[in-house]
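Residues per chain are reported as follows:
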Amino acid sequence: MNNRLARLQERLEQPLLVTNPVNVVYLVGFQSSNCALLVEHERVRLFTDFRYIQAARAIQQAEIVQTKRNLIGELADTLTGPVGFEANALTYASYETLRKGTAEPVATYGVVEQLRAVKDENELESLRKACGITDRVFERLTEVPFVGRTERDVAWDLAQLFHDEGGDGLAFEPIVGSGPTGSRPHARAGDLKIGAGELVVIDTGTTIDGYASDYTRTFATGPLEGEAKEAYETVLLAQKAALDGIRAGLSGVDADALARSVIDDSPFAGAMGHGLGHGLGLDVHEDPRLSTESSDVLVPGNVVTVEPGIYLDGRFGIRIEDNVVVTEDGIENLTGFRKDLLEVA
């Protein structure tokens, strides 16, 4: 029995049916589009259909059970008594199928995700490797031509650079937002040609062993003066305040306030429309959350992004994002790439 399963079993009030595919990977290392893991105090069973059964047999931490392709339908006919289910993962249709069967489904929320929020040393090592690769990619990106090429072209360069540097794959579709595109925090790289004298927001990352890095840097395609330069310096100060203040025991709301107060005390008050950051791991966005709406409190071993930004609608955006490990008295910053305002050609 691995440590993750043992810790989960200690928390169970009834058997838990794990259907979130990422949670199954976390608990037993099995990846499939059609599987479920039933965790009981003294027993663990992994259910999947014929397409994945050979791969499943390599999993030693669970009993392997082959099912029909309609996995939930078969479980509805075989499970009995109270069974917890992941309310954020199971569809309503699947819940109805379970409810009409022989089990008594009980909604649970974030049971496995709470375990995932605190990384062990193996997970941290994978994240450090992913961040090391991302550092090297950003260094090489500064030598890539920007002006006169499309955002989509630069995004393709990023994919190639991550491949060259040994990343397992892209953690998410890269964001390349030039000029007005950058004022949309989750803009998609498009066919807009990057001009001279613009700000370009680059948000990208890679995975190692499934664990994701997630960096943002904002480059300039020429000298900046006035408002844009002041906005960049304000974001840099806001991030420094957050990096200096984040530690175990701090709430997600208070962590967010460290950076937000700097921006709201500047001429750009109200221009940071998103939270300061989020957890990072097997998912790019996971617990804990650093925002005005967060109910989380930071603990040692959390890995979070710290990414304040300023967005002026239709004009430009600026975001600077690091990946950090929360410790008892501060952070370990996994991000090594410089954050002074760099000019690219």
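One can find the structure itself at the top, above this paragraph.
Along each chain, the written sequence defines residue order, and numbers are assigned to residues from 1. Predicted model: local features are reported for residues with pLDDT of at least 70 only, side-chain atom pairs are reported and counted for 80 or more only, and whole-chain, interface and lining totals are derived from all residues. Side-chain metrics in this entry use all non-hydrogen atoms of the structure; hydrogen atoms and water are not considered.

### Thoughts on the pattern of salt bridges
In what follows, salt bridge is the name for a side-chain nitrogen of Lys or Arg lying within 4 Å of a carboxyl oxygen of Asp or Glu. One pass over the structure, following the stated rule, counts 27 salt bridges. The partner of R4 in a salt bridge is E123, and the shortest N-O contact between them spans 3.8 Å. Linking R4 in helix α1 (residues 3-11) with E123 in helix α7 (residues 121-141), this pair joins segments that are 119 residues apart in sequence. The exposure class of R4 is buried, given its relative accessible area of 18%. With a shortest N-O distance of 3.0 Å, E40 and R45 are connected by a salt bridge. Several salt bridges converge on common partners, so that one network encompasses R116, K119, D283 and E286. Helix and strand definitions follow DSSP, with helices as H or I runs of at least four residues and strands as E runs of at least two, each counted in order from the N terminus. Whether a residue is buried, partly exposed or exposed follows from its accessible area with a 1.4 Å probe, protein chains only, as a fraction of its type maximum: under 20%, in between, or over 50%, in that order.

### Focus on the pairing of strand β15 (residues 303-306)
Taking every second residue as pointing to the same face, both faces of β15 are buried, with V303 and T305 on one and V304 and V306 on the other. Where β15 and strand β18 (residues 322-327) come together, four bridges link them in antiparallel fashion. By the bridge assignment for β18, V304 is matched with V324. Between any two strands, at least two bridges found by DSSP are needed for them to pair.

### Some points on the packing of aromatic side chains
Centres within 6.5 Å are what make two rings of Phe, Tyr or Trp a pair, Trp counting through its six-membered ring; a difference in plane orientation under 30 degrees is then read as stacked, over 60 as edge-to-face, and the rest as tilted. Tallying each qualifying case throughout the model produces seven aromatic pairs. Between the aromatic rings of F85 and Y95, the centroid separation amounts to 5.3 Å while the plane-to-plane angle is 35 degrees, which identifies the pairing as tilted. Here F85 is found in strand β5 (residues 81-86), whereas its partner Y95 is found in helix α5 (residues 92-99), with ten residues between them in sequence. Seen from their ring centres, F219 and F337 are 6.5 Å apart, and the 80 degrees between their planes marks the pair as edge-to-face. On the criterion of sequence distance, the pair formed by F219 in strand β12 (residues 215-220) and F337 in the segment after β19 (330-333) is long-range, its members being 118 residues apart. Here F219 matches F337 in class, with each residue buried. Taken together, the ring pairs connect F138, F146, Y215, F219 and F337 into an aromatic cluster.

Structural measurements only, silent on function.
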